[in-house]
Amino acid sequence: MQQGASDSEIVDYMVARYGDFVLYRPPLKLTTALLWFGPLLLLAGGFVVMLRRVLRRRPAQDFEVTASEHKRAAELLAGNEAERR
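Residues numbered from 1 in each chain as written. Predicted model: local features only at pLDDT ≥ 70, side-chain atom pairs only at ≥ 80, totals over all residues. Heavy atoms only, no water.

Side note on the overall build of the protein
Put simply, the rule is: By the criteria applied, helices consist of DSSP H or I runs no shorter than four residues and strands consist of E runs no shorter than two, each listed in order from the N terminus. In this treatment the radius of gyration is a C-alpha quantity, and the globule benchmark scales as 2.2 Å times the residue count to the 0.38 power. Type-normalised accessible area, obtained with a 1.4 Å probe on protein chains alone, sets the label of each residue: buried when under 20%, exposed when over 50%, and partly exposed for intermediate values.
Looking only at helices and strands, one finds three helices and zero strands in the protein. Its helices and strands in sequence order give the protein the pattern α-α-α, from N to C terminus. Against the globule reference of 12 Å for 85 residues, the protein gives a C-alpha radius of gyration of 32 Å, more extended than a compact globule. Across its three principal directions, the C-alpha atoms of the protein cover 90 × 35 × 15 Å. The buried share of the protein, taken over its 85 residues, is 6%.

Regarding helix α2 (residues 33-56)
Stated formally: The span expected for a helix works out to 1.5 Å for each residue beyond the first. Bend is computed residue by residue as the angle between axes fitted to the seven residues ending at the residue and the seven residues starting at it.
Taking 1.5 Å per residue, 24 residues should reach 34 Å; α2 reaches 33 Å between its end C-alpha atoms and fits that length. At Pro39, α2 shows its largest bend, some 30°.

Some points on the confidence of the model for the protein
Selection rule: Think of pLDDT as the predictor's per-residue confidence, scored from 0 to 100.
Residues at a pLDDT of 70 or more form 92% of the protein, whose mean pLDDT is 85. Predicted confidence in the protein is weakest over helix α3 (residues 67-84), with a mean pLDDT of 82, and strongest over α2, with 93.

Focus: the environment of Arg58
Counting through the fold element by element, Arg58 comes out in the loop between α2 and α3. In this structure, the C-alpha to C-alpha distance between Arg58 and Lys29, residues 29 residues apart in sequence, is 45 Å.

Points about the side chain of Thr32
Counted only if it meets this: As used in this structure description, the phrase polar contact means that two N or O atoms lie within 3.5 Å; if the pair is within protein, one of them must be able to donate a hydrogen and the other to accept it, and residues adjacent in sequence are counted only when both atoms belong to side chains. In this description, contact between two residues means that some pair of their heavy atoms is separated by no more than 4.5 Å.
With respect to the element layout, Thr32 can be found in the loop between α1 (7-18) and α2. By relative accessible area, which is 0% here, Thr32 ends up buried. Only 2.5 Å separates the side chain of Thr32 from the backbone oxygen of Pro27, close enough to count as a polar contact. What Thr32 contacts, discounting residues up to four positions off in sequence, is Asp20, Phe21, Pro26 and Pro27.

Thoughts on a nonpolar patch on the surface
As a reminder of what qualifies: Note that patches include only residues with greater than 30% relative accessible area and no salt bridge, and the join distances are 9 Å for like charges and 5 Å for nonpolar side chains (Val, Leu, Ile, Met, Phe, Trp, Tyr). Residue burial considers only the protein chains on display, and all accessible areas are found by Shrake-Rupley using a 1.4 Å probe. Whenever Lys or Arg places a side-chain nitrogen within 4 Å of a carboxyl oxygen from Asp or Glu, that contact is recorded as a salt bridge.
Residues Phe21, Leu28, Leu34, Leu35, Trp36, Phe37, Leu40, Leu41 and Leu43 make up a contiguous nonpolar surface patch of roughly 1000 Å² in combined accessible area. Mapping Trp36 onto the fold places it in helix α2.

Describing the environment of Asp20
Mapped onto the fold, Asp20 is located in the loop between α1 and α2. Relative accessible area serves as the criterion here: at 11%, Asp20 is assigned to the buried category. Taking the C-alpha atoms as reference, Asp20 lies 11 Å from Leu30; in sequence the two are ten residues apart. In this view, Asp20 contacts Val15, Pro26, Pro27, Lys29 and Thr32; residues no more than four positions away in its chain are not counted.

Here it is as structure tokens:
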């Protein structure tokens, strides 16, 4: 800029030195494909991981409550009701 170069000359110099990665909208080339499709690949990968985790989730197992456990739970609940009043 201090040497009087135009904007296009500066951009050309930056691209020549650092590659297309310095551009706000790099051209679609084999070397910049990850820049263009990387976010989409990450999003799709996250969706696949989430879907696999949801589908592998096991349903909660039902368990039998014995009569003594049922009675103890009723006593505890009755005690909490009395304390609230």
